[in-house]
Amino acid sequence: MTCLIEAPHPGDAEAVGRMVLRAWLQTYPNEEAGIDENWIREHRGSTATAEGVAQWREFIEEAKRWPDLLFCRVVRSEAEIVGVLCGRRDEMVSLGPMYLLNEAQGQGIGDELMSEFLAWAGDAPIHLWVTEYNERAIRFYQRYGFKITGERELWRGKLPNVRMAQVSTLNGMAS
């Protein structure tokens, strides 16, 4: 799969919203947690609605206006968006959302996205939330020096997330 990583355009908002919903449907169903397609569509389906698309468009436009404070990259495979990584800078840098569709995983694309994000973040401490049963994502972040902090949340009362943080100034893969 040949992919291009670039800053999105406001016109990409609808494709990003659809891709995020698709990524959720691929990643988060979990019988033990009570997360199924209906729950995902109820709680994340709005990302692909007119309201969700408007929010993506606004974020993309803000990221263009404030590139030191907001980060957003999409992954294009031909005409389709197959991934996204966004972040924001406050007291710390927040990473997320980061999604790659299944067909784009395992090809180094996540590493390329993370390299761009880490270059943008500089030496700032970074934190993120990750679903605790998304072991592939946890291992990915651990390769970059992120550690589980012990802080937990149940998103919408059901989806179990853990906080991860990277405080090193290495800005690269952990050894």
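Residues numbered from 1 in each chain as written. Predicted model: local features only at pLDDT ≥ 70, side-chain atom pairs only at ≥ 80, totals over all residues. Heavy atoms only, no water.

**Q** Mind showing me how you'd approach the sheet that holds strand β2 (residues 70–77) here?
**A** Backbone-to-backbone hydrogen bonds join strands into a sheet, with any given pair of strands oriented parallel or antiparallel. If you walk across this open sheet you meet the 7 strands as β1-β2-β3-β4-β5-β7-β6, and the pairing is mixed. Where the open sheet ends on each side, the last strands, each with one partner, are β1 (4–6) and β6 (147–155). When the angles between neighbouring strand axes are averaged without regard to direction, this sheet yields 20°. Direction of pairing for strand β3 (residues 80–89) relative to strand β4 (residues 93–100): antiparallel, over a ladder of 6 bridges. Its bridge partner being in β4, Leu 85 is matched across the sheet by Met 98. Relative to the sheet, helix α1 (residues 13–27) contacts β2, β3, β4, β6 and β7 (159–166), its axis offset from that of β3 by approximately 95°. Sitting on the sheet, helix α5 (residues 135–143) touches β4, β5 (126–131), β6 and β7, and the angle it makes with β5 is about 160°. (Pairing = 2+ DSSP bridges. Helix = DSSP H or I, 4+ residues; strand = E, 2+ residues; numbered from the N terminus. Axes fitted to C-alpha atoms, helices over the stretch in contact; angles between N-to-C directions. Contact = heavy atoms within 4.5 Å.)

**Q** For this particular structure, what's the right way to read the confidence of the model for the protein chain?
**A** Segments scoring low in pLDDT should not have their predicted coordinates read at a detailed level. In the predicted model, the protein chain carries a mean pLDDT of 94, and the fraction of residues at 70 or more is 95%. This model gives residues 169–175 a pLDDT under 50, and the stretch forms 15 contacts once residues within four places in sequence are excluded. (pLDDT = per-residue confidence, 0-100.)

**Q** Explanation requested: the side chain of Asn 134 in the structure shown.
**A** Examined against the element boundaries, Asn 134 turns out to sit in the loop between β5 and α5. Accessibility expressed as a relative area gives 16% for Asn 134, which makes it buried. Setting aside chain neighbours within four positions, we find Asn 134 in contact with Thr 27 and Tyr 28. (Buried < 20%, exposed > 50% of the residue type's maximum accessible area, 1.4 Å probe, protein only.)

**Q** I keep staring at the packing of aromatic side chains and nothing clicks. Help me out?
**A** Describing an aromatic ring pair means giving the distance of the ring centres and the angle of the ring planes. Counting across every chain of the model gives 10 aromatic pairs. Ring plane angle 50° and centroid distance 5.4 Å describe the contact between Trp 24 and Trp 155, whose orientation is recorded as tilted. With Trp 24 in helix α1 and Trp 155 in strand β6, the pair connects residues that are 131 residues apart, well separated along the chain. Accessibility classification places Trp 24 together with Trp 155 in one group, the buried group. When the centroid spacing of 5.5 Å and the interplanar angle of 40° are considered together, the rings of Phe 117 and Trp 120 count as tilted. Of the two residues, Phe 117 and Trp 120 are both situated in helix α4 (residues 109–121); the distance of 3 residues between them amounts to about one turn of the helix. (Phe/Tyr/Trp six-rings, centres within 6.5 Å; stacked < 30°, edge-to-face > 60°.)

**Q** How should I be thinking about the state of the cysteines in this particular structure?
**A** Any covalent bond linking the sulfur atoms of two cysteines counts as a disulfide. As enumerated under the stated definition, the model contains 0 disulfides in all. There is no disulfide at Cys 3, and the cysteine sulfur nearest it, in Cys 72, is 16 Å away. (Disulfide = S-S within 2.5 Å.)

**Q** Where do I start with helix α2 (residues 37–44) in this structure?
**A** Helical geometry: 3.6 residues make up each α-helical turn, so side chains three or four residues apart lie on a common side. Of the residues making up α2, those classed as buried are Trp 39, Ile 40 and His 43. Viewed end-on, α2 has its buried residues packed into an arc of 100°, placing them on one side of the element. In α2, the exposed positions that point more than 90 degrees away from the buried face belong to Asn 38 and Glu 42. In this fold, the buried residues of α2 make contact with α1, β6 and β7. By the N-cap criterion, in which a side-chain oxygen at the helix start approaches the backbone nitrogen of a residue two or three places on, α2 is capped by Asp 36, the distance to Asn 38 being 3.2 Å. (Arc of directions from axis to C-beta. Polar contact = N/O pair within 3.5 Å; in protein donor to acceptor, adjacent residues only side chain to side chain.)

**Q** Would you take a moment to explain the side chain of His 43 for this structure?
**A** Checked against the element boundaries, His 43 lands in helix α2. On the accessibility criterion, His 43 (16% relative accessible area) is buried. Once residues within four sequence positions are removed from consideration, His 43 is found in contact with Trp 155 and Arg 156.

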